[in-house]
Amino acid sequence: MLHTPKARITAHLTFAFYLAVIVGLILTTFYPAPIAGVSIPLMLGVKLLPLLPFVVAVWKGSNRAYIWLSFIVLFYFTRYVVSAWLTEGALGPLALTIATFGLFTTAMVHLKVNRRQPAATPATE
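Residues numbered from 1 in each chain as written. Predicted model: local features only at pLDDT ≥ 70, side-chain atom pairs only at ≥ 80, totals over all residues. Heavy atoms only, no water.

1. Side note on the overall build of the protein
At step 1: Assigned secondary structure in the protein consists of five helices and zero strands.
At step 2: Taken over the C-alpha trace, the protein has a radius of gyration of 18 Å; the compact-globule value for 125 residues is 14 Å, which it surpasses by more than 25%.
At step 3: Taking the principal axes of the C-alpha coordinates as reference, the protein spans close to 75 × 30 × 20 Å. (Helix = DSSP H or I, 4+ residues; strand = E, 2+ residues; numbered from the N terminus. Rg over C-alpha atoms; globule rule 2.2 N^0.38 Å.)

Shown next, in the form of structure tokens:
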């Protein structure tokens, strides 16, 4: 549930980064070339299964789902930072490092702006 107008913007940005990570994971399965002797569906399953349960919750802007998604994204971020370092800045790992960083950052900003405002209490005199 979105509690503020700014939350709508951060929810859309988070969803855009989420889709960028998903698309990036799919593309890096096939680029530069698939690994010989490894099942493509298995590779896609291992890459995508931890992220796919969050599709609906990220679309709706659920705070609890954003918190759990952030934990999961940290693993992807760590993996692609190491991969970008070892490949000396190859395009795929570098793009996924940026996308996972963007996803984590926008999710955290969304959680900050989407907090419920406390109910106003009438002043007691």
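2. Points about the packing of helix α1 (residues 5-30) against helix α5 (residues 91-113)
At step 1: Their axes nearest at 8 Å, the elements α1 and α5 cross at an angle of 155°. Here α5 runs roughly antiparallel to α1, going by the angle between their axes. Where α1 crosses over α5, the handedness of that crossing is left-handed.
At step 2: Split into classes, the residues belonging to the contact of α1 with α5 amount to 14 nonpolar, nine polar and one charged. (Axes fitted to C-alpha atoms, helices over the stretch in contact; angles between N-to-C directions. Parallel < 35°, antiparallel > 145°, perpendicular 65-115°, else oblique. Left-handed = near helix turned anticlockwise from the far one by under 90°. Nonpolar A, V, L, I, M, F, W, Y, C, P; charged D, E, K, R; others polar.)

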